[in-house]
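Summary of structural features
Residues per chain are reported as follows:
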Number of protein chains: 2
Amino acid sequence: MAAATLGIVEALSFLKARSEVLARVRAARVTPHMEFLPLEQATGRVLAEPAFADRDYPPEPRSMRDGFAVRAADLPGTFTIVGEVRAGQSSDCRVEPGEAVEIMTGASVPEGADTVVMVEHTTVAGDRVDVPKALEMGANVNPQGRDAVAGALILRPGIRLGYAEIALLASIGQAEVAVYKRPRVAILATGDELVEVETKPEPHQIRNSNTWSLAAQVIRAGGEAVVLPVAPDELEITKELIANGLECDVLLLSGGVSAGKYDLVETALHSFGAEMYFDRVLIQPGQPCVFGQAQGTFFFGLPGNPASTMVCFEIFARAALELISGVVEPMLAITGAQLKSPFRQKTGLTRFLPARLDEEGLLTPIGWSGSGDIAALTRANAYLVSDPEKGEYAAGDWIGVMAR
Amino acid sequence: MAAATLGIVEALSFLKARSEVLARVRAARVTPHMEFLPLEQATGRVLAEPAFADRDYPPEPRSMRDGFAVRAADLPGTFTIVGEVRAGQSSDCRVEPGEAVEIMTGASVPEGADTVVMVEHTTVAGDRVDVPKALEMGANVNPQGRDAVAGALILRPGIRLGYAEIALLASIGQAEVAVYKRPRVAILATGDELVEVETKPEPHQIRNSNTWSLAAQVIRAGGEAVVLPVAPDELEITKELIANGLECDVLLLSGGVSAGKYDLVETALHSFGAEMYFDRVLIQPGQPCVFGQAQGTFFFGLPGNPASTMVCFEIFARAALELISGVVEPMLAITGAQLKSPFRQKTGLTRFLPARLDEEGLLTPIGWSGSGDIAALTRANAYLVSDPEKGEYAAGDWIGVMAR
């Protein structure tokens, strides 16, 4: 799919291309279906209904320390210890002037008391406790409703449920939770050179690996992978398989993108009235990356080279997949790291290259022989993300880093 | 478990504590059991046997461009086009002096030819192609065995299988793969104040949420979560449950760590001859974090506060769990981000605070009311990781960031 075919003169920058994907998919206003799951099965899924606080958090004033609950007005002074309360006990006792109740961290502050004195700041003798210093009212007390008041919205729909969200839903008693159904993502690898993993390839053949990495990436991104058989370089069969793929929520094609004149995939897509939004992005690997739509289904034409396919999925296809999953804010987390060794590049492309991040947070680029070199990628635990305008980086310079 | 009980005078820094965990667990030389899985079920698992290249990669010299395969010695010159070869075709034709074969990206370079001229640098007229410039031998050709030679070790045991590793195993024909069995991780929450998610708590009670977040974290870290019933503040029952927990590969306890004099958990652990390696770390949240071993099983005493439990798991327990899973190099990925707003802290502790990373890579701390405030954590997509010696950060300063 050469730029020419689209009449696109200049290729898109990585950020422009990503915005294009987000804008097009958002505009389509896909509304995923909902299902109810027991909380223990909801991790990684996308919340479909808002969650509200079922009561005040905390529901009563709670002590933040081990110590003595008193009235601030009585401080400083010596108090009679009239009882004890710990987490999990109801504070039935009441604190009158001159009285103190021994209290543990997390316990409810008894009626009458308004302040907790840390045990370290007291001297206990029998049933008497001496507090030499004054404290302001409310010290060491977590007031009722401080974290959330009853009825407050605490979790919005469209957020992916990680361990913290699951804990929050458990704390408000949601044993069952409404989540969006997983989108179905068709994966179609193309090319006569491809054979299946069980087959011993001839010298001019290679085993199909893109389908495998894409399926793993789709599942990790919260989708359901629908793997189609490999499409040979044959128009009719390719059309048939693309037709199947377009019945899913997203279609991922790999290969057949930069295969010169043997470009059946593009012809096949056009026979379904495909609209192409971009077909070249200023990144490496993955420059000839296609994004479009046919019969209401978004598709990505990912380059045949393994690393190109993996990178294009992570930075473009995953965003589309997440929006279609109901995620409100798909996120591409690119942070920074300092280079352990110098790095140089030809300017003009945003590069996503295999690199190793160590425990000190230093980043080392990993040598590779190009985007066919999967082995190099497996030695990496991160992608180095370069600034297309910066040709030279010295050791110690900050550079972009993205998790692999 | 106050420091006093261990006679530990000073608490450990975050890095010292993490090294202690890694060193202790490595010294135990746990050897996980192995099982064979079909490749499609192996994602996220840990490779148990080395993987070797089944043939040279590439198996033949491959063209890296669309163009014409020629002999470098004949350049520059005009050539007779004697054939065409594309990816997936065997290059049966042979290139004699003065001859050229049209070739596609990824196709095998025909015998006799040693160099590929990019189509952009040629002029074709009928069955003749003119190449005005010379090229050095081997240009645009990916030589046989460049990525890997047959028999080369390409994947070491002890690596977690992500999408790239799965693709590599597919490319070498491993339809079945040897992985380590998942470790069983017991989760035991303690405290009279805890009730189950289905129960409506009294004002002095809270629902058990730590078990839920820990189970999600354990599964994400590649373990199997074995959830034990909540332990009340009662020595005999606590002992019984700890005994069950110690039969697993790792035991995670939450709560009962900073509960003042009602500290049954410690007493119960000591009755099993527990050895404590540390019980306080200079971090926030999670300062009263315990790591030890009893009857050959490593355990972590995680603070009862939800955020403390989550953070201590991520930075300490996960490392132990991964080593026991067979992972050779457990990794805590702390990278950098520039602050969107200033940040100040009391020095002395490494802080892991809820923060929001935006698409520009800028980090904004999120206000929270302390480590009981799970809701604040769900508004975060990252942890801000502070330098314990730096009290003041200005907007634009670099600061540590860890994914949530």
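The residue numbers shown here count from 1 along each chain, following its written sequence. The naming scheme follows written order: chains are lettered A onward, ligands numbered 1 onward. Owing to the predicted nature of the model, reporting of local features is limited to residues with pLDDT of at least 70; listing and counting of side-chain atom pairs is limited to 80 or more, with chain, interface and lining totals taken over all residues. Derived side-chain values reflect all non-hydrogen atoms in the structure, with water molecules and hydrogen atoms excluded from consideration.

Strands are runs of DSSP state E lasting at least 2 residues, helices are runs of H or I lasting at least 4, and numbering of each runs from the N terminus. Along its length, chain A carries 8 helices and 28 strands. Across its three principal axes, chain A shows a C-alpha extent of roughly 95 × 50 × 40 Å. Remark: exposure states derive from per-residue accessible area (1.4 Å probe, protein chains only) relative to the maximum for the residue type, with buried under 20%, exposed over 50%, and partly exposed in between. The buried share among the 404 residues of chain A stands at 54%. Here the analysis covers contacts within chain A between residues at least 6 apart in sequence; of these, 70% occur between residues at least 24 apart. Positive charges are assigned to Lys and Arg, negative charges to Asp and Glu, while His and the chain termini are left out of the count. Note that the charge is assigned to NZ on lysines, CZ on arginines, CG on aspartates and CD on glutamates. Considering chain A, the positive charge centre built from 35 side chains and the negative charge centre built from 51 side chains are found 5 Å apart. Note on contacts: a residue pair qualifies if any of its non-hydrogen atoms lie within 4.5 Å across the two residues.

Take the relation of the copies chain A and chain B next. Expressed as a screw operation, the relation of chain A to chain B combines 0.0 Å of axial shift with a rotation of 180°, fitting to an RMSD of 0.1 Å. The two molecules are tied by a two-fold rotation axis, judged by turn and shift. Within chain A, A:Gly336 has its C-alpha nearest the rotation axis, a separation of 2.4 Å. Mapped onto chain B, 100% of the interface residues of chain A are again interface residues, and the two copies thus contact each other with one and the same surface. When the copies are superposed, the least-squares fit draws on C-alpha atoms of residues that have pLDDT of at least 70 in both.

Let us look at the pattern of salt bridges. The salt bridge definition used is simple: a Lys or Arg side-chain nitrogen within 4 Å of an Asp or Glu carboxyl oxygen. Within this structure, the stated rule accounts for 40 salt bridges over all chains. A salt bridge links B:Arg18 to A:Glu359; its shortest N-O distance comes to 2.8 Å. Note that B:Arg18 is positioned in helix α2 (residues 14-27) and A:Glu359 in the loop between β24 (350-357) and β25 (362-365), a pairing that runs across two chains. Of the charged contacts, one joins B:Glu322 and B:Arg318 as a salt bridge, the two residues approaching to 3.3 Å between their closest N and O atoms.

Okay, the domain arrangement of chain A next. In this entry, domain limits derive from an automatic or database-based domain assignment. If you check the domain split of chain A, you get domain 1 (14-33 + 182-325), domain 2 (35-56 + 147-180), domain 3 (62-142) and domain 4 (334-403). On a C-alpha basis, the centroid separation for the pair domain 3 of chain A and domain 4 of chain A is 57 Å.

Counting residues at the interface gives 89 residues for chain A and 89 residues for chain B. When the two sides are added together, the surface that chain A and chain B hide from each other amounts to roughly 6,900 Å², 57% of it contributed by carbon and sulfur. The largest share of the area that chain A buries against chain B comes from A:Tyr163, A:Trp212 and A:Glu359, three residues that together contribute 12% of it. Along the contact surface separating chain A from chain B lie 12 salt bridges. For any pair of parts, buried area is found by adding up, for both, the accessible area (1.4 Å probe) each one loses once the two are put together.

All names here are of chain A. Of the two site types, the cavity is a set of points on a 1 Å grid over the protein atoms alone where a 1.4 Å probe fits but cannot get out, and the pocket is an open set with protein on both sides within 12 Å along at least five of seven lines, each lined by residues with an atom within 4 Å of a point. Grid points are joined across faces, edges and corners, and a volume is the space filled by probe spheres set on the points. Scanning the entire structure with this criterion turns up 3 cavities of 30 Å³ or more. What the largest cavity holds in volume is close to 50 Å³. Forming the boundary of the largest cavity are Gly44, Arg45, Val46, Arg160, Tyr180, Lys181, Arg182, Pro183, Gly222 and Ser325. Counting only domains with at least three residues in the lining of the largest cavity, you end up with domain 1 (14-33 + 182-325) and domain 2 (35-56 + 147-180).

Residue and element names in this part refer to chain A. Most of strand β13 (residues 184-189) sits out of view: 5 of its 6 residues are buried. Two strands pair under a simple rule: DSSP has to find at least two bridges between them. Of the strand pairs in this sheet, β13 and strand β16 (residues 224-227) are connected by 4 bridges, and their pairing is parallel. Its bridge partner being in β16, valine 185 is matched across the sheet by alanine 225. Pairing of β13 with strand β17 (residues 250-254), which is carried by 5 bridges, proceeds in the parallel orientation. In the strand pairing of β17, isoleucine 187 is matched with leucine 252.

Let us now look at the sheet that holds strand β17 (residues 250-254) of chain B. All names here are of chain B. Across the sheet, which stays open at both edges, the 6 strands sit in the order β16-β13-β17-β21-β20-β18 with mixed pairing between neighbours. One side of each edge strand has no neighbouring strand; the edge strands of this open sheet are β16 (224-227) and β18 (275-278). With direction set aside, neighbouring strand axes in the sheet form an average angle of 25°. The convention used is that axes are lines fitted to C-alpha atoms, helices contributing only their stretch in contact, and that angles between N-to-C directions extend from 0 to 180 degrees. Relative to β17, helix α5 (residues 235-245) is tilted by about 145°, and along the sheet it contacts β13 (184-189) and β17. Contacts from helix α7 (residues 306-324) reach β13, β17 and β21 (297-302), with the element oriented near 170° to β21.

Before going further, it helps to spend a moment on unusual backbone geometry. Cis geometry is adopted by the peptide bond preceding A:Pro76, which originates at A:Leu75 and carries an omega value of -10°. Note on placement: A:Pro76 falls in the loop between β4 (67-70) and β5 (77-85). If you check the backbone angles, B:Gln295 has positive phi at about 50° while not being a glycine.

The next point concerns the state of the cysteines. All names here are of chain A. Here, the term disulfide refers to a pair of cysteine sulfur atoms separated by no more than 2.5 Å. By the definition in use, this model includes 0 disulfides over all chains. No disulfide involves cysteine 289; its sulfur sits 3.5 Å from the nearest other cysteine sulfur, which is in cysteine 312. You can call cysteine 289 buried: its relative accessible area is 0%.

In this section: the side chain of A:Gln293. Residues and elements named next belong to chain A. Secondary-structure assignment places glutamine 293 in strand β20 (residues 290-294). The exposure class assigned to glutamine 293 is buried, which follows from its relative accessible area of 18%. Whenever a nitrogen or oxygen atom comes within 3.5 Å of another N or O atom, the pair is scored as a polar contact, on the condition that within protein one atom can donate a hydrogen and the other can accept it, and that pairs from neighbouring residues in sequence are kept only if both atoms are in side chains. Here glycine 296 takes part through its backbone nitrogen, which lies 3.0 Å from a polar atom of the side chain of glutamine 293. Contact partners of glutamine 293, with chain neighbours within four places excluded, come to Gly273, Ala274, Glu275, Tyr277, Phe298 and Phe299.

For the rest of this paragraph, the subject is the sheet that holds strand β21 (residues 297-302) of chain A. Residue and element names in this part refer to chain A. Taken together, the 6 strands give an open sheet; going across it, the order is β16-β13-β17-β21-β20-β18, and neighbouring strands pair in mixed fashion. For this open sheet the edge positions go to β16 and β18 (275-278), each flanked by a neighbour on one side alone. The average angle at which neighbouring strand axes cross in this sheet is 25°, direction not considered. Sheet topology places β20 next to β21; 5 bridges connect them, and they run antiparallel.

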